[in-house]
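Listed here are the chains, written in short residue letters.
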Amino acid sequence: MSPPQAEEPVIRFENVSIAFDNPVLQAISFQLPRGETKILMGVAGTGKTLILKLALALLKPDAGRITVLGEEITNMQERELFALRRKIGMVFQESALFDSLTVEENVAYRLIEETGRVTEEIHARVLEALRFVELEHTFNLFPAELSGGMRRRVAIARAIITQPEVLLYDSPTGGLDPVTSNTIIELIVKQRDVYHTSSLMVTHRLQDAFTMASHCFDRKLNKMVPVGDGVSVEDMRTRFLLLRDEKIIFEGTATELLRCHDPYIREYLS
Amino acid sequence: MAIFSPTEFAKEQVQAVQDYSLLAGRSLSNVFAQPRYIADTLIQADLIGVGSLPIVVLTGFFTGAVLALQTSSTLQQFGSLSLTGKLVSLSMVRELGPVLTGLMVAGRNSSGMASELGSMKVTEQIDAMRAMGVDPSKKLVTPRVIASIVMLFFLTIISNLVGLTGGMMVSYLLLGLDANEYWTTAYQALRFGDVLMGLTKPVMFGFVIASIGCYYGLSAKGGTQGVGRATTQAVVAASVLILVSDFFMTRLLMGFFQY
């Protein structure tokens, strides 16, 4: 297996179809270039989460090819996939934290798997990841003791601790209040602009999607700020992908989406 | 639209058998592959072995006691009351010790495994584990299978001993038999084949208990109701499989030892 080329997309879907009782995705194709963030949108049940699970090979497609980090995962055995999955971080819709482990053990899970125990170095890395999401005080708490927003932030810390090449966010702001949602989006923007991680993000909240496309992270101010001063929205490398009736009906930038005249898209955005 | 499709039903059953066989096979083949989760195995051994000790001791004791009580009246008719020890010993070691210990541990641990793994499944923790590059069959199933096999083996030995003690108490206190005679007949009745048969069964039952519990847990779907369903199904399936496999193993081992 050859290493991924610099210009090669990190994720490539080619004519991917999957059906359960009814078809959910039919012959969809798209690419996620390195360093780009792709926001998946669409009404409930259009297969957005499914795309993330297919990209991680947690599910296999009925037809089509999926290539991740230069490796075709469609026909790979479960055993072969574990090494590849370690290069990808995923934030699940309901956080999916291990409820019998503390925050530290949750965030350090991958590292503990490699070394077999919590070392000083792992402790320091967990602290750094928790500091990134501003939750360093929750070290010894259990997930049940955290609020919904805090759990999502711990899930982000768990996903980024190994600095994966690709991040998959499944509705990271779903069911959260606007203030907490903004905090989560700020963290995702920070990850995008500081570490330039390629990512796929599923969201139902248009506001979050447009905030991501129109804001960048200012390291000096340590906060998210609107783009300006010679930086265009296109420079944010954030593109949109809209799903409807088992197909991708739009793929492009925020500006292109707003200029789109398709009646369904106009209604969706309104 | 057809309400019930026999073809679909048959396909589902075959699929379930295939999934179970793959999981069961992988749980054993994982023993020979890195990483080995020794700490997880020890934790499970503590939960399954030490945790089940009180119920195994209680059931073992009273099974031996009631066995002595029930058989004594029949043996008395033939003037062979002194054979009580022999009868309790053979019944406990060859059959009741392994089977009852297996059923008790199945009731306690198959359900525990199914509910724990089922909860993890419906809250996406299993998917999260896979997404982080950790094999749930290695991390969750193999430690439970190994711990169940090893601990059920020792629990059965304890159950046999306690059962014989229960039989002795009844023989000595209620039937007026000599304790020494009881132990001598009980000990002399046992042949190598009896002991081997009694100790081969828990290995099989331990495997059934853990693999069935884990299979139903990992295939749970449909929220908390699904977890409840998986728990019940795990106990029923494990108990039935223990009794069915007991029959076939007994027949096989009897043929092997030429009874």
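Heads up: these notes are all about the structure in this document. These numbers come from a predicted model, not from an experiment.

1. Some thoughts on the overall build of chain B
Scanning chain B from N- to C-terminus turns up eight helices and zero strands. Moving toward the C terminus, one meets the helices and strands of chain B in the order α-α-α-α-α-α-α-α. Considered along the principal axes of its C-alpha atoms, chain B spans approximately 65 × 45 × 35 Å. Looking at chain B as a whole, 48% of its 259 residues qualify as buried. Of all intrachain contacts in chain B linking residues separated by at least 6 positions in sequence, the fraction that spans at least 24 positions is 86%. Taken as a whole, chain B presents about 12,700 Å² of accessible surface, with 69% of it coming from carbon and sulfur.

2. Some remarks on the nonpolar core
Core analysis: the largest hydrophobic core is formed by 79 residues, its most contacted members being Ile11(A), Phe13(A), Leu25(A), Ile51(A), Leu168(A) and Leu200(A). The biggest single contributor to this core is helix α7 (residues 192-218) of chain B, with nine residues. Not counting residues within four places of it along the chain, the set of residues in contact with Leu168(A) comprises Ile11(A), Leu52(A), Ala55(A), Leu56(A), Ile88(A), Gly89(A), Met90(A), Val91(A) and Leu200(A). Listed in part, the 52 residues of the second largest apolar core include Ile156(A), Ile185(A), Met212(A) and Leu269(A).

3. Remarks on the packing of aromatic side chains
Counted according to the given criterion, the structure contains 11 aromatic pairs over all chains. Where Phe98(A) meets Tyr109(A), the ring centres are 4.5 Å apart and the plane angle is 35°; that geometry is what we call tilted. Of this pair, Phe98(A) sits in the loop between β6 (88-91) and α3 (103-107) while Tyr109(A) sits in helix α4 (residues 109-115), and the two are 11 residues apart along the sequence. By the ring-pair criterion, three or more aromatic residues cluster together here, those being Tyr20(B), Tyr215(B) and Tyr216(B). It is Arg158(A) that lies over the ring of Phe98(A); its NZ or CZ is 5.1 Å from the centre. Here the guanidinium or amino end of Arg244(A) rests over the ring plane of Tyr264(A), the centre of that ring lying 4.0 Å away.

4. A short note on the packing of helix α2 (residues 38-77) of chain B against helix α5 (residues 136-173) of chain B
All names here are of chain B. Packing of α2 against α5 leaves a shortest axis separation of 6 Å and a crossing angle of 25°. Compared by their axis directions, α2 and α5 come out roughly parallel. Here the hand of the crossing between α2 and α5 comes out right-handed. Partitioned by chemical class, the residues of the contact of α2 with α5 number 18 nonpolar, 13 polar and three charged.

5. A short note on the interface of chain A and chain B
Across the boundary between the two partners, chain A contributes 22 residues, which contact 19 residues of chain B. Both faces considered, chain A and chain B share a buried interface measuring about 1,800 Å² in area, 53% of it formed by carbon and sulfur atoms. Of all residues in chain A, the largest losses of buried area upon contact with chain B belong to Arg79(A), Phe82(A) and Glu113(A), amounting jointly to 28% of the total for that side. Residues Arg130(B) and Glu78(A) are paired through a salt bridge, measuring 2.9 Å at the closest nitrogen-oxygen approach. At the boundary of chain A and chain B, one finds nine residue pairs in polar contact (both at pLDDT 80 or more). For the side of chain A that touches chain B, the secondary structure elements donating two or more residues are α2 (78-85), β6 and α4 of chain A. The class makeup of the residues in the side of chain A that touches chain B is 11 nonpolar, one polar and 10 charged.

Analysis parameters
- Throughout this description, residue numbers start from 1 for each chain and increase along the sequence as written.
- For this description, chains carry letters from A and ligands carry numbers from 1, given in the order in which they are written.
- Local features in a predicted model are, by the rule used here, given only for residues with pLDDT of at least 70; side-chain atom pairs are given and counted only at 80 or more, and totals for whole chains, interfaces and linings are based on all residues.
- Excluded from the side-chain calculations are hydrogens and water; all other atoms, namely the structure's heavy atoms, are used.
- Helix and strand definitions follow DSSP, with helices as H or I runs of at least four residues and strands as E runs of at least two, each counted in order from the N terminus.
- Exposure is judged per residue with a 1.4 Å probe applied to protein chains only, and the accessible area is read against the type maximum: over 50% gives exposed, under 20% gives buried, and values in between give partly exposed.
- Pairs of residues are marked as contacts when any of their non-hydrogen atoms sit within 4.5 Å.
- A 1.4 Å probe and the Shrake-Rupley method give the accessible areas. Residues count as covered only by the protein chains that appear here.
- Think of a nonpolar core as a cluster: buried Ala, Val, Leu, Ile, Met, Phe, Trp, Tyr and Cys residues, connected wherever their side-chain atoms sit within 4.5 Å.
- Stacked, edge-to-face and tilted are the three classes for Phe, Tyr and Trp ring pairs, Trp counted by its six-membered ring, which pair at centre distances within 6.5 Å; planes under 30 degrees apart are stacked, over 60 edge-to-face, the rest tilted.
- We count a charge as sitting over a ring when the NZ of a lysine or the CZ of an arginine lies within 6 Å of the ring centre and within 35 degrees of the ring normal.
- Only C-alpha atoms enter the line fits that serve as axes; for helices the fit covers just the stretch in contact. Angles between N-to-C directions range over 0 to 180 degrees.
- Between 65 and 115 degrees an angle is taken as roughly perpendicular, under 35 as roughly parallel, over 145 as roughly antiparallel, and anywhere else as oblique.
- What makes a crossing left-handed is the near helix being turned counterclockwise from the far one by less than a right angle; a clockwise turn instead makes it right-handed.
- The classification used treats Ala, Val, Leu, Ile, Met, Phe, Trp, Tyr, Cys and Pro as nonpolar, Asp, Glu, Lys and Arg as charged, and all other residues, Gly among them, as polar.
- The term buried area denotes the loss of accessible surface (1.4 Å probe radius) that occurs when two parts are joined, taken as the sum for both partners.
- Only one rule defines a salt bridge in this text: a Lys or Arg side-chain nitrogen within 4 Å of an Asp or Glu carboxyl oxygen.
- A 3.5 Å cut-off defines polar contacts: any pair of N or O atoms within that distance qualifies, except that in protein one atom must be a possible hydrogen donor and the other a possible acceptor, and neighbouring residues in sequence count only when both atoms are side-chain atoms.

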